[in-house]
Every structure is written in C-alpha cells, then in structure tokens.
Amino acid sequence: MSDNGAAPGNGRATFHAVSRPEERAAAVERQRAHPYRFPRDPRQLGGRFTVDENRARLLRYFYFERRLAQALGSWTLAIPEFEVSIETGRHIFYHADAARTLRERLSEQELTLAKVDAFRDTEIDGPFDELLLAEDTPELLVGAHQVLGQALSTAYRHHIDLTDPVTDAPPSGPCSESSWTTSRCWRGPTARSRRTSKEASRRRGWRAGAGTCSACLAASAA
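A short tour of the structure in this document, coming up. (Residues numbered from 1 in each chain as written. Predicted model: local features only at pLDDT ≥ 70, side-chain atom pairs only at ≥ 80, totals over all residues. Heavy atoms only, no water.)

### Notes on the overall build of the protein
For the record, the criterion: The helix count covers DSSP runs of H or I at least four residues long, the strand count covers runs of E at least two residues long, and both are numbered beginning at the N terminus. Residues count as neighbours in contact if any of their non-hydrogen atoms are within 4.5 Å of one another. Surface accessibility in these figures is a Shrake-Rupley result with a 1.4 Å probe; residues are shielded only by whichever protein chains are displayed.
Helix and strand counts for the protein come out as 9 helices and 0 strands. The secondary structure elements of the protein, listed N-terminal to C-terminal, are α-α-α-α-α-α-α-α-α. Sequence-distant contacts in the protein: of pairs separated by 6 or more residues, those separated by 24 or more amount to 81%. With the model as given, the accessible surface of the protein reaches about 13,300 Å², and the carbon-plus-sulfur share is 54%.

### As for the packing of aromatic side chains
Formally: Pairing of aromatic rings covers Phe, Tyr and the six-membered ring of Trp, with a centre-to-centre limit of 6.5 Å; geometry is then stacked below 30 degrees between planes, edge-to-face above 60, and tilted otherwise. Summary of the burial criterion: residues with accessible area below 20% of their type's maximum are buried, those above 50% are exposed, and those between are partly exposed, where the area comes from a 1.4 Å probe applied to protein chains only.
If you walk through the whole model with that rule in mind, you get 4 aromatic pairs. Seen from their ring centres, Tyr-61 and Tyr-156 are 5.3 Å apart, and the 75° between their planes marks the pair as edge-to-face. One end of the pair, Tyr-61, is in helix H2 (residues 51-75); the other, Tyr-156, is in helix H6 (residues 137-162), and 95 residues separate them in sequence. Aromatic side chains Phe-93 and Tyr-94 sit 6.2 Å apart centroid to centroid with 55° between the ring planes, which places their arrangement in the tilted category. Exposure remark for Phe-93: the relative accessible area of 52% places this residue in the exposed category.

### Some thoughts on the pattern of salt bridges
The test is simple: By definition here, a salt bridge exists when the distance from a side-chain nitrogen of Lys or Arg to a carboxyl oxygen of Asp or Glu is within 4 Å.
Applying the stated rule across the entire model yields 12 salt bridges. Across the pair Arg-60 and Asp-121 runs a salt bridge whose closest N-O atoms are separated by 2.8 Å. You can see Arg-60 sitting in helix H2 and its partner Asp-121 sitting in the loop between helix H4 (113-118) and helix H5 (122-132), a full 61 residues away along the chain. The same class applies to Arg-60 as to Asp-121, namely buried. Ionic pairing is found between Glu-87 and Arg-90, a salt bridge with its closest N-O pair at 3.2 Å. A residue pair is termed a helical-turn pair when its members lie 3 or 4 positions apart in one helix, as Glu-87 and Arg-90 do in helix H3 (residues 82-107) at 3 residues. Assessed through its relative accessible area of 18%, Glu-87 is described here as buried. The exposure class assigned to Arg-90 is partly exposed, which follows from its relative accessible area of 43%.

Put into structure tokens, the structure is as follows:
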C-alpha cells in the first residue's frame, strides 16, 4: 500500500475520518456564549393608502413634475442672467428625470403609457399658468422654488411617511428618488437670485398659492 492510503489495484485514495473532540467542544461553547440573533425589522406593516390611491397620487406627482419642467423650459431663453439660465437647465433635467421615474412606475400599476401621458388636471394647471405669466426672473424663481417646489417636496415627504415601507416599497420608491432629486433644486440657483427672489416675494403674494398647490397634490381622486 502506498503512503497516501491508496488501495492496491484500484488507484483510489482512502481518507480516514479524524475526530477532533476538543475543537467541536470549543465550537459548541462559542455558540452557547454568542448565539446568533436574527436582526429585527422595526418597520410596521400597513400603509394609509390603497393601491388605487397610491396610483392616483403618483399620477398627480408625475403631471406636476412634467409641468414644472415644461414651465422652466419655456422661460430658459428669456432669462437674462446667464448663471440663472444655466442653472435652470440643470433643474429642467432634475424634474424631467423625476417625471420619467414616476411614469415608469405608473406603467407598472395597470396604466398604459398613453393614459399616463394623456392625464390632465386643471387644479394643477392653475398655478403653472400663473408662473408662465411671471414679470421677470425673480418672480419666476419665487414661484418655481419657494411655492411650487416647496409644495412638491412637502407632498413627497408626506407620501413617504404615510405609506408602508415594506408593502408599499415600489410605489414610494419613486417618491424617495424624486424627493432626493428635487431637494437639490430648492436651494436656489445663486446667491444673487435668492436676493432678488426675496424682492419678488414681497412684491407679489406667491406664498398664498402654496396651500393650493399642496391641496392639489394631496387629492386622492385622479
């Protein structure tokens, strides 16, 4: 027989089991001293909205994001301040990308893309029609950032807080992403534009429209 334990004639190696009782006893002791505990999930099941209510709200968020991107795009070439015009282009991308995310999610909730694109809401159209009639850049920035943008950001936060983090993860996921995306827009493009926005805010009662925008986004009926 060879040294490696191979049986004569068949060419196969034979490996004998070696018992190590000391190591097994040490492993049992470690398991007793440090038992594995599965991590607890503190999330609670049960969101406030039904699937239909979630879909209706996401549809309104999508339309709001799209109208905001369109409104800023309509003003881009008319903004005389170069730095504000450049930063506005960045914000157009943010809102258009958020609208795309919501549009994709809505297509997964028994809505065709044609129905999503055809959705209109006259309550949401009102503030945007007023935004398009802004007299100058500061007035545009106040309406877009301090009124419409803040209302949208607040609606996203409330939606995430009221939905179930487990069962409503797919519906609230786009809201989380869109909330993070749009949060970068509400800081104001530049220090100069923030100063001029304060002047426009005093000149017009834009703040009165914030409650109307929030009510439009919170409506559950599409």
